[in-house]
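Fold and contact review
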Amino acid sequence: MASAGHQGFNLVAQLNNIHVEDLQYVEQDLCFYELVSLGFLLFGDDRTNAEFALQKLLILSNTHKTGGCGGADLLSKYISVNPRNWRAQLVEALAIIGARRVLRKLGFDWNELHQHYLPHIGELSLHIHPLLKALYRVCERLKPAQAGQLVLRVNEQRKGSDDHLRFYDFAYLEIFLLDWISRRIIILGDRVANGADVDVLLEFFKFNDMDALKTLLIETIVNNAEKGGMRNTTADQISTDNKAAASGSQQIYKPVKESATSTSIRSCDLTISDRYEVRRERAGILLIINQLEFFRETDPSLKQYLPNKPLSPRDGSNMDKERLKEVFTQFGYRPQVFENLTHIEMMHRIRETVKLSFQFDSLIVCILSHGIDGSVYGSNSIPVEIVEIEHIITGDMLLGKPKLLIIQACQKDESPINERRKLYMDPHRFGDLVKAMSTVPGYSAMRHTIEGTWFIQELCDAVHRFGDKRHIGDILIAVNRKVSERRGNKNEVMMPISSYTLRKFFYLPSRSN
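Definitions and limits used
Residues numbered from 1 in each chain as written. Predicted model: local features only at pLDDT ≥ 70, side-chain atom pairs only at ≥ 80, totals over all residues. Heavy atoms only, no water. Core = buried A, V, L, I, M, F, W, Y, C linked by side-chain atoms within 4.5 Å. Buried < 20%, exposed > 50% of the residue type's maximum accessible area, 1.4 Å probe, protein only. Contact = heavy atoms within 4.5 Å. Helix = DSSP H or I, 4+ residues; strand = E, 2+ residues; numbered from the N terminus. Arc of directions from axis to C-beta. Axes fitted to C-alpha atoms, helices over the stretch in contact; angles between N-to-C directions. Parallel < 35°, antiparallel > 145°, perpendicular 65-115°, else oblique. Left-handed = near helix turned anticlockwise from the far one by under 90°. Pairing = 2+ DSSP bridges. Salt bridge = Lys/Arg side-chain N within 4 Å of Asp/Glu carboxyl O. Nonpolar A, V, L, I, M, F, W, Y, C, P; charged D, E, K, R; others polar.

Leu94, Ile175, Trp180, Leu201 and Leu217 are the most contacted members of the largest nonpolar core, which totals 108 residues. With residues up to four places along the chain from it excluded, the contact list for Leu217 reads Leu131, Ala134, Leu135, Val138, Val198, Leu201, Leu202 and Phe205. Membership of the second largest hydrophobic core comes to 35 residues, among which are Val434, Ala445, Phe455 and Leu476.

Structure representation (structure tokens):
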């Protein structure tokens, strides 16, 4: 496989090899469904262009059953409205809709495109407007009946209007979205979604319990506003109800700036009696990533991150997995278990779990793997920095909610990662997090090949006994003591470590009777 830099060079070279004459064959190779999606992604970011694409697609809808879509001339029109960057946007759009056959005919390698454009991640894009990509994902996830309910809902809100779209095939929801964009029923905002207004969609998803779709749109707006340095402006333009939903709490912590000369101590309240509200029926997800088997990544661009020696199987880890499930389900947590994930799959799975956790009161993430100082390994032997995992689970979706990150992995100082990336953002976003690690930096973590690891087994014992009776900080102190008292066959010892940024007491909900 080519290195990342060489891949980028190949991609640019292939882009330049696309000629205007190729576009008619691209349209001929696309079915009507694909052409609708492509037209939506390419034309949807401008009202006038959206209206043009809408009319073209409505005409084609009457003839597409008789054959291909040749002669649509959508792509030639697109060149005229975007003469400078049409190749890059076209290829990204084709990658998003998964038009592999067309891309292969154009000379592209799907694996390279997949790594470059990440078409499976809804809120990230390079050239296509980020909200268009997210909305395309919405169209893919909604069934025609659900899409029909959405269209009817929007039409009901516009009862005074008699110019509803005369089109009734809800399987092509993108056509309706083009209509709503051209009428400013929904607004995409600028390139970083600043000024976006998709409240009509968010309200529908909210009242129909489609939290994952609601979260996708909110996260797309917030994350892209962060990239553009306009996070506060964009957040103000989301409706109050949806802004609260994005934070996961009606009360968002906001620091108060006091005068430097003030001597008042009124804000120093030493009565700490508040606790997080964690209800059994909404306790949250218990995500367990159980790394049992490892292989060595073959991508040359990642070779520098591989450990010196192959990683051995983690015999006994299934005992930890089963014990974690057994203990935390008593308190209402919903286990989701994934095994042998690569470093990319691991990060993606954590992101997806955070999105789903939007509707719950807390989140527990357990990673059982090999590790090195500050990192844990994916199944492909590529390390992931723990600080990156913290960054994901402390995002805007879970502000004000307690999160517990449990890391069972060695932390010897053998990291191939030479430079730590600094995350420049508001420190308050890292609040409400507990990080419990099996060992202090620089040391190994003990694991019995049959009974499981010292740390996880002692943690589960303590949570089973005291989970709904004692604050999680007290429980971790007890775990530290119990683990430190253990001795291995060769007199091995171990010392766990935990840290937290909690602002309230964190008790697990009452267990089932």
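Moving on, we come to helix H5 (residues 74–81). For H5, every residue scored as buried is listed here: Leu74, Leu75, Tyr78 and Ile79. The arc that holds the buried residues of H5, viewed along the axis, is 140 degrees, so those residues lie on one side. Each element contacted by the buried residues of H5 is listed here: helix H2 (23–29), helix H3 (32–43), helix H4 (47–60) and helix H6 (86–96).

Moving on to the packing of helix H10 (residues 144–157) against helix H12 (residues 199–207). It is at 11 Å that the axes of H10 and H12 come closest, and there the two elements cross at 125 degrees. Here H10 lies oblique to H12, going by the angle between them. The chirality of how H10 crosses H12 is right-handed. Contact with H10, carried on its side by Gln146, Gln149, Leu150, Arg153, Val154 and Gln157, involves Val200, Leu201, Glu203 and Phe204 of H12 and no other residues of that element.

One can find His116 in helix H8 (residues 110–117). Using a relative accessible area of 38% as the deciding quantity, one classes His116 as partly exposed. Between the alpha carbons of His116 and Leu11 there is a distance of 9.1 Å; along the sequence they are 105 residues apart. Here His116 is in contact with Leu11 and Leu126, once residues within four sequence places are set aside.

The subject of this paragraph is the pairing of strand E7 (residues 403–408). When you tally the buried positions in E7, you get six out of six residues, the bulk of the element. Judged by which residues are buried, E7 turns out to be covered on both faces: Lys403, Leu405 and Ile407 on one side and Leu404, Ile406 and Gln408 on the other are all buried. With six bridges connecting them, strand E3 (residues 362–368) and E7 associate as parallel partners. Looking across to E7, one finds that Ile367 is bridged to Ile407. Alignment of E7 against strand E8 (residues 433–437), held across five bridges, turns out to be parallel. The residue bridging Ile406 from the neighbouring strand is Ala436, located in E8.

Another point: the pattern of salt bridges. All told, the structure shown has 17 salt bridges when counted by the stated rule. Among the ionic pairs, Glu277 bridges to Arg279, the shortest N-O distance being 3.8 Å. You can call Arg279 partly exposed: its relative accessible area is 32%. Salt-bridge contacts for Asp432 lead to Arg503; the nearest nitrogen and oxygen are separated by 2.6 Å. One end of the pair, Asp432, is in the loop between E7 and E8; the other, Arg503, is in the segment after strand E11 (497–500), and 71 residues separate them in sequence. Using a relative accessible area of 34% as the deciding quantity, one classes Arg503 as partly exposed. One salt-bridge network, in which partners are shared between bridges, spans Lys321, Glu322, Lys325 and Glu339.

The next point concerns the sheet that holds E11. Pairing between the strands of a sheet comes from backbone hydrogen bonds, and it takes one of two forms, parallel or antiparallel. The strand order across the open sheet formed by six strands is E2-E1-E3-E7-E8-E11, and the pairing between neighbours is mixed. Every interior strand has two partners, whereas the edge strands, strand E2 (333–339) and E11, have only one. In this sheet, neighbouring strand axes are inclined to one another by 10 degrees on average, regardless of whether the strands run parallel or antiparallel. Contacts between helix H17 (residues 343–356) and the sheet are confined to strand E1 (284–290), E2 and E3, with E1 contributing the most and set at about 170 degrees to the helix. Along the sheet face, helix H18 (residues 386–393) touches E3, E7 and E8 and points at about 160 degrees away from the line of E7.

What follows covers the sheet that holds strand E4 (residues 371–372). Taken together, the three strands give an open sheet; going across it, the order is E4-E5-E6, and neighbouring strands pair in antiparallel fashion. On the outer flanks of this sheet lie E4 and strand E6 (383–385), each paired with one strand and no other. Relative to E6, strand E5 (residues 375–377) runs antiparallel, the two being bridged by three bridges. Directly across from Val376, in E6, lies its bridge partner Val384. Against the sheet, H18 contacts E5 and E6, and its axis sits at roughly 55 degrees relative to E6.

Right, let's get into the packing of H4 against helix H11 (residues 173–182). Packing of H4 against H11 brings their axes to within 8 Å, and their N-to-C directions diverge by 145 degrees. In this structure, H4 crosses over H11, and the sense of that crossing is left-handed. The segment H4 lies against H11, with Arg47, Ala50, Glu51, Ala53, Leu54, Leu57 and Leu58 engaging Ile175, Leu178, Asp179, Ile181 and Ser182. Across the contact of H4 with H11, the residue classes tally to eight nonpolar, one polar and three charged.

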